[in-house]
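Examination of the molecular architecture
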Amino acid sequence: MTALKLDGRATAAHIKEDLTKRVSKLKEQGVTPGLGTVLVGTDPGSQSYVGAKIRDMEEIGITSLHRELPESATQDEILEVIDELNNNPECTGYIVQLPLPDHVDTDKVLEAIDPAKDADGLHPLNLGRLVASAGGEVTWPLPCTPKGCLTLLRHYDLETKGKTVLVIGRGITIGRPATLLFTRRDVNSTVIAAHTGTSNMEELIRQADIIIAAAGNPGMVTKDMVKEGVVILDVGVSRQTTDEGKTRIVGDVAKDVADVASAMSPNPGGVGPMTRVELVANVVEIAEHNAASKQ
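These lines cover the structure that appears in this document, whether it is placed above or below. Keep in mind that this is a model prediction, so the values were computed, not measured. (Residues numbered from 1 in each chain as written. Predicted model: local features only at pLDDT ≥ 70, side-chain atom pairs only at ≥ 80, totals over all residues. Heavy atoms only, no water.)

Moving on to the overall build of the protein. Each helix and strand in the protein was counted, giving 9 helices and 11 strands. The globule rule puts the C-alpha radius of gyration for 295 residues at 19 Å, and the 19 Å found for the protein is close to it. Projected onto its principal axes, the C-alpha positions of the protein cover 55 × 45 × 35 Å. Of all intrachain contacts in the protein linking residues separated by at least 6 positions in sequence, the fraction that spans at least 24 positions is 71%. Distance between charge centres in the protein, computed from 30 positive and 41 negative side chains, equals 5 Å. (Helix = DSSP H or I, 4+ residues; strand = E, 2+ residues; numbered from the N terminus. Rg over C-alpha atoms; globule rule 2.2 N^0.38 Å. Contact = heavy atoms within 4.5 Å. Lys, Arg positive; Asp, Glu negative; His and termini not counted. Charge placed at Lys NZ, Arg CZ, Asp CG, Glu CD.)

See below:
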């Protein structure tokens, strides 16, 4: 068996076409969506990721409101930027790029974001809505990576209802919200939440119909662990230095798992592009909601 490639780049490009049309329609109504990005420090991965997000905005016609602070920025200085974006009428929504430096209280920073401008869906109020709502219409921003995982599965007509989904990882950006999203009635999966401290990991991996691997542990899911026909979304991000001194991104899933999986996302090129496009989609949805409420 050779796994179907779940191509995040191609899927994101398809979504961008639709978003471009929606942004054009908003502009005809006098509304230009603006997406803010707050980057603290000089982490190469974060800089690259924010740069890619800005390019996505330019392609789709969204205004970029980028704010950059040094690694030494105090919490008060970061909060001042957040307050500015909260009150900036040009800013439809924005994100604070994580992780933040160790001296910054991440929870306090996320709580300061206006929930109505929370493009990442990580404000406690919006996560609380995800906890409280198992069904019905979603009217608030969803966390981008879990949303991107679900969109990618649906794009390839891969069934989630009644399937056992194993989420490996308990981080605020992927693991925790993914367990909530995949238990919603419209998704209807049975979710197992695991992490690097789980003692019976191999047993749980063998049970899974769908695996979302987001632990940041290179190659932790191997070919001998999974059952034939499993669907794999490799969301783990680790950086390794090659013999030539170059840095490469590696995922949580060994490459040869593709020999037994029915479908598998590459890493990079799988869920990463989906995360970025879902961020833009969240901002467009916020703009559309704001425009409709004024009519």
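So, on to the sheet that holds strand β7 (residues 210-213). Strand order in the open sheet formed by 6 strands is β1-β11-β8-β7-β5-β6, and the pairing between neighbours is parallel. The sheet terminates laterally at β1 (4-5) and β6 (190-194), the two strands that pair on one side only. One ladder, built from 5 bridges, connects strand β5 (residues 164-168) with β6; its direction is parallel. By the bridge assignment for β6, Thr 164 is matched with Thr 190. (Pairing = 2+ DSSP bridges.)

Counting across every chain of the model gives 0 disulfides. Free of any disulfide, Cys 91 has its nearest cysteine sulfur in Cys 144, 14 Å distant. Between Cys 149, a free cysteine, and Cys 144, which holds the nearest cysteine sulfur, the sulfur-to-sulfur gap is 11 Å. (Disulfide = S-S within 2.5 Å.)

This part takes up the packing of helix α6 (residues 144-155) against helix α9 (residues 271-293). At a closest axis distance of 8 Å, the pairing of α6 and α9 adopts a crossing angle of 105°. Between α6 and α9, the angle is such that the two are roughly perpendicular. Residues Cys 144, Thr 145, Lys 147, Gly 148, Cys 149, Thr 151 and Leu 152 of α6 touch α9, and the partners they reach there are Val 271, Met 274, Thr 275, Glu 278, Leu 279, Ala 281, Asn 282 and Glu 285. Tallied by class, residues from the contact of α6 with α9 come to 7 nonpolar, 5 polar and 3 charged. (Axes fitted to C-alpha atoms, helices over the stretch in contact; angles between N-to-C directions. Parallel < 35°, antiparallel > 145°, perpendicular 65-115°, else oblique. Nonpolar A, V, L, I, M, F, W, Y, C, P; charged D, E, K, R; others polar.)

Note: most residues except glycine have negative phi, and most peptide bonds are trans. Put simply, Leu 98 and Pro 99 share a cis peptide bond, and its omega is 5°. For Pro 99, the location among the structural elements is in the loop between β4 (93-96) and α4 (106-112). Note that the residue after Asn 267, namely Pro 268, is joined by a cis bond; omega there is 5°. One non-glycine residue with positive phi stands out, namely Asp 157, at about 55°. Along the polypeptide, Asp 157 turns up in the loop between α6 and β5. At Asn 188, a residue that is not glycine, the phi angle is positive and equals roughly 65°. Note on placement: Asn 188 falls in the loop between α7 (175-181) and β6.

Attention shifts here to the sheet that holds β4. On the basis of which strands lie adjacent, the open sheet formed by 3 strands has the order β3-β2-β4 and parallel pairing. Of all strands in the sheet, those bounded by a partner on one side alone are β3 (63-69) and β4. Adjacent strand axes in the sheet meet at a mean angle of 15° when their direction is disregarded. Sheet topology note: the strand β2 (residues 34-40)/β4 ladder contains 4 bridges and is parallel. Residue pairing in the sheet places Leu 35 in a bridge with Gly 93 of β4. Taken strand by strand, helix α2 (residues 44-60) contacts β2, β3 and β4, and its axis lies near 170° from that of β2.

Turning our attention to the pattern of salt bridges. Per the stated rule, a full pass over the model turns up 13 salt bridges. For Lys 16, the salt bridge is made with Asp 56, and the minimal N-O distance between the two is 2.9 Å. A residue pair is termed long-range when its members are at least 10 positions apart, and Lys 16 in helix α1 (residues 8-28) and Asp 56 in helix α2 qualify at 40 residues. A relative accessible area of 15% places Lys 16 in the buried class. Of the residues examined, Asp 56 reaches a relative accessible area of 3% and is grouped as buried. With its nearest N and O atoms 3.3 Å apart, the salt bridge here joins Arg 184 to Asp 186. Accessibility expressed as a relative area gives 37% for Asp 186, which makes it partly exposed. (Salt bridge = Lys/Arg side-chain N within 4 Å of Asp/Glu carboxyl O. Buried < 20%, exposed > 50% of the residue type's maximum accessible area, 1.4 Å probe, protein only.)

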